[in-house]
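# What the coordinates show
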Amino acid sequence: MCTQASRIEGQTLPPAVIPASAGRATKTDRSVRIRVVATILSAITLGATWFVAATWIHFSGMNALAWKIGPLLLVGSFVPAMILNFRHKHPLLRALSVVSSAALGLLNYAFAAAIICWLAAAVAWRWGLPLDPRVFTFALFGGAVLTTLYGLTNAARLRVTRAVVRLPNLPDAWQGRDIALVSDVHAGSIRARRFVRRIVARLNQLKPAAVFISGDMLDGTKIDLGPVTQPWTDLEAPAGAYFVSGNHDEFSDSAPLLAALERAGLRVLHNEKVEVEGLQIVGVHDHETHDPRNFQAILRRAQIDRRRPSVLLAHQPSNLNVPEEAGISLQLSGHTHGGQFWPWSWVVSKVHGRFAYGLNRLGGLQVFTSSGAGTWGPPLRVGTKSEIVLLRLMAGEIAGTPSDDLPMKTNLSREDRAGGYTVLTTHAH
């Protein structure tokens, strides 16, 4: 059972000036958005699959009917399976989701291989180069398959990322103690109870003082909450385990999930502040952070003491000027997955900038964004990792002024370095 610190002072925030529903879409709005996104995604994936299949047939000479229909059926089933999984729970649906998700990941690299095939053929034709189309086609598409297999294997490995974070005026009770950040578990059609048990077992091996879970416990599909939340009852965290919801948790009514997690021993922070041994811990649910005015109102009512360190648990690393202006010391987030694999890692870096992953800084606010423990969509990672983040808290000031791109001053002990802890550079703005 997750053990909580004996002295926890909770402060539930009164209703904000802007209604709590300001950031939450209505059921009708969500339904319309899902239909639009599903239609666009289906059109893109089917068009890309047709292009890949046509390229393979053209250059390989393998014109069997299976090469025309098979890829379209595999990739084309991803969106229908995803939608059906939102409403129904069946082993066959889960199997279809696993296969179609992996196929969608393969499509990503097969599409790149197909483009290179046509470019190579054009260059060979233009310059009269001898080029066997079957050889380079098999080489490129074989590389796509190998990369996908690597991505599937890599995503299944759960790693631990260790770093040291300095917080000004850190109480002695927290000096040198570890806190764990877990995000984006995405329990659902691909990973469920066994995966959650792996995470909890690893956390118990790491023995952090506190655990922070920054949302997306679920992937949004229909699932039995009891079995998937029960493993959290075995979590050992002396200073508590804290949770806020992510966007996938809010695809439908998040109340049953939050109640199940509370029964499992997690402290769900409903837009509120608690204090644990002098550390201010604030949690805001994802839909409440979308509107900056609503976000500001919640943090203002939290009455954050700027003279003491504070940790904000928020799913997305967005609207960061709001917690920075409120005097938050450290924000813990997820959501981005680091993009999981190219080209989406590049897209995510363009959307979130340097806050897409790792420890970064905006003025006096430090932000750690995790790439997450689980995956969504294709269950593969290339160039990113599935992780639990272990942060060692140290007292001290951040080096430089808010406009400097300087590393944080942290003198690590020999024991810390032997344990794999890293002093990460915080990029300021």
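From N to C terminus, the chain includes twelve helices and 14 strands. Counting all 429 residues of the chain, 52% fall into the buried class. Within the chain, residue pairs in contact and separated by at least 24 positions form 77% of the contacts whose partners lie at least 6 positions apart. Element-wise, carbon and sulfur atoms account for 61% of the exposed surface of the chain, whose accessible area totals about 19300 Å².

Judged by how many residues are buried, strand β11 (residues 358–362) sits mostly within the fold: five of five residues are covered. Taken together, the five bridges between β11 and strand β12 (residues 365–369) define a ladder with antiparallel strand orientation. Within β12, the residue paired with Asn360 across the bridge is Val367. Connecting β11 to the antiparallel partner β12 that follows it, the hairpin turn spans two residues, and Gly363 within it adopts a positive phi of roughly 60°.

Attention now goes to the packing of aromatic side chains. Two measures describe an aromatic ring pair: the distance that separates the ring centres and the angle between the ring planes. A full pass over the atoms with the stated rule returns eight aromatic pairs. Ring centres of Phe59 and Trp118 lie 4.7 Å apart, and the angle between their planes is 70°; this geometry places the pair in the edge-to-face category. Here the residue Phe59 occupies a position in helix α1 (residues 27–60), and Trp118 occupies one in helix α4 (residues 91–127), the gap between them amounting to 59 residues. In this structure Trp118 comes out as partly exposed when scored by relative accessible area, which is 37%.

Tracing the backbone shows Asp216 in the loop between β4 (210–213) and α7 (225–229). Salt bridges are absent for the buried Asp216, whose nearest opposite-charge side chain, Arg381, sits at 10 Å. Looking at Asp216, its side chain comes within polar contact range of the main-chain nitrogen of Asn247, at 3.2 Å. Ignoring anything within four residues of it in the chain, the contact list for Asp216 reads Asp184, Val185, His186, Gly246, Asn247, His248, Asp249 and His315.

A cluster of nonpolar side chains, Trp342, Trp344, Trp346, Val347 and Val351, forms an exposed patch at the surface whose accessible area comes to about 570 Å². Topologically, Trp346 is positioned in helix α11 (residues 344–352).

Before going further, it helps to examine the pattern of salt bridges. Counted according to the given criterion, the structure contains nine salt bridges. For the salt bridge of Asp305 with Arg307, the shortest nitrogen-to-oxygen distance reads 3.1 Å. Through salt bridges that share partners, Lys273, Glu275, Asp305, Arg307 and Arg308 make up one connected network.

A few words now on unusual backbone geometry. Note the cis peptide between Trp342 and Pro343, where omega equals 10°. Inspection of the secondary structure assignment puts Pro343 in the loop between β10 (330–333) and α11. Despite not being glycine, Asn169 has its phi angle at roughly 60°, a positive value. Its place among the elements puts Asn169 in the loop between β2 (158–167) and β3 (178–182). Not every positive phi belongs to a glycine, and Asp184 is a case in point at roughly 55°. Tracing the backbone shows Asp184 in the loop between β3 and α6 (193–206). Judged by its relative accessible area of 0%, Asp184 falls in the buried class.

What counts, and at which threshold
Residues numbered from 1 in each chain as written. Predicted model: local features only at pLDDT ≥ 70, side-chain atom pairs only at ≥ 80, totals over all residues. Heavy atoms only, no water. Helix = DSSP H or I, 4+ residues; strand = E, 2+ residues; numbered from the N terminus. Buried < 20%, exposed > 50% of the residue type's maximum accessible area, 1.4 Å probe, protein only. Contact = heavy atoms within 4.5 Å. Areas by Shrake-Rupley, 256 points an atom, 1.4 Å probe, with all protein chains shown as cover. Pairing = 2+ DSSP bridges. Phe/Tyr/Trp six-rings, centres within 6.5 Å; stacked < 30°, edge-to-face > 60°. Lys, Arg positive; Asp, Glu negative; His and termini not counted. Salt bridge = Lys/Arg side-chain N within 4 Å of Asp/Glu carboxyl O. Polar contact = N/O pair within 3.5 Å; in protein donor to acceptor, adjacent residues only side chain to side chain. Patch = residues over 30% accessible without salt bridge, like charges linked within 9 Å, V, L, I, M, F, W, Y side chains within 5 Å.

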